[in-house]
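Observations on the three-dimensional arrangement
Residue-level listing of the chains:
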Amino acid sequence: MNNIKRLLLLPHIKVHNANALSSPFTIGFPAMTAWLGAVHALQRKLNAQGHSDIKFNSVAVISHQCDLQTHKGVDDFVHSIIGTGNPLDKTGARSAFIEEARCHLDVSLVLEYTGIAKDDEQVLQEQITHLLSSNMKMAGGDILTFKASQFFKVENGNPADLSALTQKLMPGYALIERRDLMTEAMSAGQDAMDALLDNLVIHHHCEKVADEMNEEKVIWTSKRKNQGWLVPIATGFHGLTELGEAKNQRDPNTPHRFAESVVTLGEFKMPHSIKSIDEILWRYQTDQTNNLYLCAQTQKIILTEQDIEDSYYA
Amino acid sequence: MLDTAIASYFSERKETWLKKNIKAAMQEHEIAEMEQLCEQQFSLNEWLPNAAKRAGQISMSTHPCTFSHPSARKNKNGYVSSVLAEIDKVEDGYLKTGNVSVATDALGNAAALDVYKFLTLIMEDGENLLTHIQQETDLAKALLTTKTANYQDLRSGFLAMVEGATESITSSKIKQVYFPVDDDYHQLSLLTNSGMVYQLRSRLDKLRFSDEVKERRDKKRKNEFSEQGFSEIYGLTTIGYGGTKPQNISVLNNQNGGKAHLLSSLPPSIEKRSIHFPRSDFFTESFKKYEYADNFKALHKLFQTDYNNIKLRDARDRNLQQIIDLLIEKMWSVRAVSQAQFHADTSSLSSVQMTWLHDDFADEREKSEQWLNLLITEISTWLTRSYEKVLDKKAIKLGDAERLHFAEVIERNREFLK
């Protein structure tokens, strides 16, 4: 097993008008599928330019800034989307449309790669710069600016290697998967929606406590169920119908099916405290028995209290 | 004998019909005529065959294509397939169809909505009428046996509402994505489970507006005791489907006025609004006690235990790291406002902290490490002092072992303090 990872950093890509409607339930940061999709598109372009061995196997996404284009009136509790109704239809009327939410972003991507020889690094750097500044889209938005890509080697268990890379990601927040919290809540009996909401709300809870004078005091405390900046994230798709052919499909030669977004919990975490690069990397994963098309974390490192205890007594 | 739900369905329909058609200026015999006409129209013999004919104009669907685009349904190849997904529950940690039980939606010609309502009436046994018709129960047989139409014709007419299409049709107005599978791709037409969208809205509205929650929120405001707690959620965004014509999207959409709620998936941002560039000392000016109190209390508990194992050490490290995480986040926030807020004439910030926090010194920070060594000592002192402040009289005297441990955790974050 090779324990050296070769990584390519695409730092500070500024994206204008990215798609902020990551699923029918969430708004804000674009879906994980959008980031893996962009990297996959980049790989295909490099493959087509003669670098047929290059593969981007997994991806980390770090948000430095994300400005959502929504509106909140003075007394409003909820936000509303600042939408545009373009283009007008043939009679000049505003066309029927579903509101589209947009955001402006500053993100860094870390790509795990194979198939780039040391000697080719400089050529590739130039080619990537060229591709990103031509007409490539990212999460549906336009790329405005970006910094030059950089190559890194990270040996598993070598903190100096790791921090040389993660320092470049600061300040920023890496998105990691926290499906473990959802699964835990679901096996304790909650349905998927309650499992999600329970982790997003602030719980207020009341207690009677006797003070030093033995008088009863009422104390309200407020907290979230779990620590960390937890958010719902769209991480893939769920096939609803059998694979087959459909009329009006974009490409008649690819198997088609109807599908929906799947949403789970994620956490935004500053990368300085990660212990292994795998904590922030995501890769494509399909589960054909359950009809799932996913972006999932390559390795789950978060240990529960029980895991820690078990490993100690093992 | 009709099921009570069916009976009341018809009496309601008749009442609305009469209200609409009888004008005040009408003569008595005209009114009587109208009443007779009404009875006739809503008699099973007449209404059922008419309704059965119209049933096909509406399709029941868990994922109406109109949520992707209002005009997605009809195209040159016919109507987009109406997806009625039935999927088992899996405890896999995903919010997806099957893992939440929700209502089935319907879409189609709004003029046939009465038929949809009729078929979804809940009978005395708790099943809806449609299920009865599908399963050919006695109730369904009795209802659909009339003088004016054939039983089988009526039945198949009504079942057109849930009929799956014989061929699969998607639309260019539906987002179609490629997903890599092995060395090839699958193409996915993305739809929305509207039952789930409105189930989410209903749960969020209950959190926000239900009477129990209002009462408990009020108790909290007055600091009164409440047996039960409550929950709050922030950062919701409202989205509208179908504009002024929510009925064109789906039945559920129409019932909800076309408004659904979205949860926020925004990352944290380097906070600029509530942060101040320190005048004399970062540690005393930039933190509030409650921000780290819980972590120090947890540490205190760990210090007091007299045994030592990996679990304990791990918990200790985690709490310390969380305090350092907070420190690093603060550091970035302060740096973000340094250009705008630093005033040389009123500042008495030490040169170490100045090098650390002001943007102008970014290069300086790289060049030498002397300031960093001094800073690390300051952080270590701050940790001890804050622990004593949080625990007050309960604080135990920290020994060399604890101090060394503090230093070790800080040292691990050294590169990130630059």
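Let me sum up the structure you'll find in this document. (Residues numbered from 1 in each chain as written. Chains lettered and ligands numbered in written order. Predicted model: local features only at pLDDT ≥ 70, side-chain atom pairs only at ≥ 80, totals over all residues. Heavy atoms only, no water.)

Here's the deal with the overall build of chain A
Note the following rule: Where helices and strands are cited, they refer to DSSP runs of H or I of at least four residues and of E of at least two residues respectively, numbered from the N terminus. Accessible area is worked out with a 1.4 Å probe on protein chains only. A residue is then buried under 20% of its type maximum, exposed over 50%, and partly exposed in between.
The number of helices and strands found in chain A is six helices and 16 strands. Burial status across chain A gives 50% buried among its 314 residues.

Focus on the nonpolar core
Side chains of nonpolar character tend, in soluble globular proteins, to be buried together. Heads up, the rule is: We define the nonpolar core as a collection of buried residues of types Ala, Val, Leu, Ile, Met, Phe, Trp, Tyr and Cys that are connected through side-chain atoms lying within 4.5 Å of one another.
Counting 127 residues, the largest nonpolar core has W35 and L109 of chain A together with W356 and L417 of chain B as its most contacted members. Grouped together as the second largest cluster of nonpolar side chains are 36 residues, L48, Y116, Y151 and L159 of chain B included.

Let's talk about the interface of chain B and chain A
Going by this rule: By definition, residues are in contact when any of their heavy atoms lie within 4.5 Å. The quantity reported as buried area is the accessible area (1.4 Å probe) lost by two parts once they are put together, taken as the sum for both. Identification of polar contacts relies on pairs of N or O atoms within 3.5 Å, with a donor-acceptor requirement for protein atoms, meaning one able to donate a hydrogen and the other able to accept it, and with residues adjacent in sequence counted only if both atoms are side-chain atoms. Residues were grouped as follows: Ala, Val, Leu, Ile, Met, Phe, Trp, Tyr, Cys and Pro as nonpolar; Asp, Glu, Lys and Arg as charged; and all remaining residues, including Gly, as polar. Pairing between two strands requires that DSSP report at least two bridges joining them.
Listed by partner, the interface residues are 100 residues for chain B and 100 residues for chain A. Summed over both sides, the interface between chain B and chain A buries roughly 9300 Å², with carbon and sulfur atoms accounting for 63% of that surface. By the criterion of area lost to chain A, the three top residues of chain B are Y94, L95 and F416 of chain B, representing 9% of everything that side buries. Between the two partners, chain B and chain A, sit 46 residue pairs in polar contact (both at pLDDT 80 or more). Looking at the side of chain B that touches chain A, the elements with two or more residues in it are β5 (176-181), β6 (184-191), α8 (194-209), α9 (211-221), β7 (230-232), β8 (237-240), β9 (259-265) and α13 (310-341) of chain B. The dominant element in the side of chain B that touches chain A, judged by the number of residues it contributes, is α13 of chain B, at 10 residues. Residues of the side of chain B that touches chain A, tallied by class, amount to 42 nonpolar, 37 polar and 21 charged. When strand β11 (residues 202-210) of chain A meets β7 of chain B, the two strands line up antiparallel, connected through three bridges. Pairing of H203 of chain A across the sheet is with S231 of chain B, part of β7 of chain B.

Describing the environment of A340 of chain B
Residue placement: A340 of chain B occurs in helix α13. With 64 residues separating them in the primary sequence, A340 of chain B and H276 of chain B have C-alpha atoms 10.0 Å apart.

Notes on the sheet that holds β11 of chain A
Heads up, the condition is: For helices, the fitted axis covers only the stretch in contact; all axes are lines through C-alpha atoms, and the angles between them, taken along N-to-C directions, range from 0 to 180 degrees.
Here three strands make up an open sheet; going across it, the order is β12(A)-β11(A)-β7(B) and the pairing antiparallel. Across the chains shown, the open sheet's two edge strands, defined by having one partner strand only, are β12 (216-223) of chain A together with β7 of chain B. Going from strand to strand, the sheet's axes swing by 30 degrees on average, the running direction of each strand aside. Along the sheet, α9 of chain B makes contact with β11 and β12 of chain A together with β7 of chain B, crossing β7 of chain B at roughly 90 degrees.

Looking at the packing of aromatic side chains
Residue and element names in this part refer to chain B. The condition that has to hold: Aromatic contacts are taken between Phe, Tyr and Trp rings whose centres are within 6.5 Å, Trp giving its six-membered ring; a plane angle under 30 degrees counts as stacked, one over 60 as edge-to-face, and the others as tilted. Definition used: whenever NZ (Lys) or CZ (Arg) falls within 6 Å of the ring centre and also within 35 degrees of the ring normal, the charge is taken to sit over that ring.
A complete count under the given rule lists 29 aromatic pairs over all chains for this structure. Summarising the aromatic geometry, the rings of Y9 and F118 are spaced 5.4 Å apart at their centres and angled 45 degrees between planes, so their arrangement reads as tilted. Of this pair, Y9 sits in helix α1 (residues 4-21) while F118 is found in helix α4 (residues 113-119), placing the two residues 109 residues apart along the sequence. For Y9, a relative accessible area of 7% gives the class buried. By relative accessible area, which is 0% here, F118 ends up buried. Here the aromatic cluster, defined as three or more aromatic residues joined through ring pairs, consists of F282, F283, F287, Y292, F296, F303, W356, W382 and Y387. One residue, R73, lies across the ring of Y79, its end atom 4.4 Å from the ring centre. Across from the ring centre of W332, 4.9 Å away, lies the NZ or CZ of R335, which sits over that ring.

A few points about the sheet that holds strand β5 (residues 79-81) of chain A
One open sheet holds the five strands; their spatial order is β2(A)-β9(B)-β8(B)-β5(A)-β4(A), and the pairing between them is mixed. The open sheet terminates on both sides in strands that have one partner only, identified here as β2 (26-28) and β4 (70-71) of chain A. Looking at chain direction, β5 of chain A and β8 of chain B are connected through two bridges and run parallel. By the bridge assignment for β8 of chain B, H79 of chain A is matched with T237 of chain B.

Re the pairing of β8 of chain B
Residue and element names in this part refer to chain B. Neither face of β8 is exposed, since T237 and I239 on one face and T238 and G240 on the opposite face are all buried. Bridge count for β8 against β9 is four bridges, and the pairing is antiparallel. Residue pairing for β9: G240 is matched across the bridge by K259.

A closer look at the side chain of E267 of chain A
Residues and elements named next belong to chain A. Its place among the elements puts E267 in strand β14 (residues 256-269). Given a relative accessible area of 9%, E267 falls into the buried group. Polar side-chain contacts of E267 include one of 2.7 Å to the side chain of R178. E267 has contacts with A174, L175, I176, R178, G228, W229 and L230, leaving out every residue within four places of it along the chain.

As for the pattern of salt bridges
Should their charged atoms come close, side chains of opposite charge can pair. The condition is simple: Salt bridge, as used here: a side-chain nitrogen of Lys or Arg that lies within 4 Å of a carboxyl oxygen of Asp or Glu.
Tallying each qualifying case throughout the model produces 30 salt bridges over all chains. For D180 of chain A, the salt bridge goes to R178 of chain A, with nearest N and O atoms at 3.1 Å. R178 of chain A gets classed as buried once you look at its relative accessible area, which sits at 10%. Linked through salt bridges whose partners overlap, the residues forming this network are E369, E411, R414, E415 and K418 of chain B.

What about α8 of chain B?
Note the following rule: Helix span is expected to be 1.5 Å times the residue number reduced by one.
Taking 1.5 Å of rise per residue, the 16 residues of α8 of chain B would be expected to cover 22 Å, and the 22 Å separating its terminal C-alpha atoms lies within 8% of that figure. Among the 16 residues in α8 of chain B, 12 count as buried, and that is most of the element. Residues of α8 of chain B that are buried in the fold lie against α5 (192-200) of chain A together with β4 (105-108), α9, β7, α10 (251-255) and β9 of chain B. Between the side-chain oxygen of the N-cap and the backbone nitrogen of G195 of chain B there are 3.1 Å, and the N-cap of α8 of chain B in question is N193 of chain B.

Observations regarding the packing of helix α1 (residues 32-48) of chain A against helix α2 (residues 121-133) of chain A
All names here are of chain A. What counts, and what does not: With respect to orientation, any angle under 35 degrees is reported as roughly parallel, any angle over 145 as roughly antiparallel, any angle of 65 to 115 as roughly perpendicular, and every other angle as oblique. What makes a crossing left-handed is the near helix being turned counterclockwise from the far one by less than a right angle; a clockwise turn instead makes it right-handed.
Where α1 contacts α2, the two axes come as close as 11 Å, and the packing angle between them is 120 degrees. One element, α1, and the other, α2, form an angle in the oblique class. Handedness of the crossing formed by α1 with α2: right-handed. Only L124, Q127, I128 and L131 of α2 make contact with α1, whose side of the interface consists of L42, K45 and L46.

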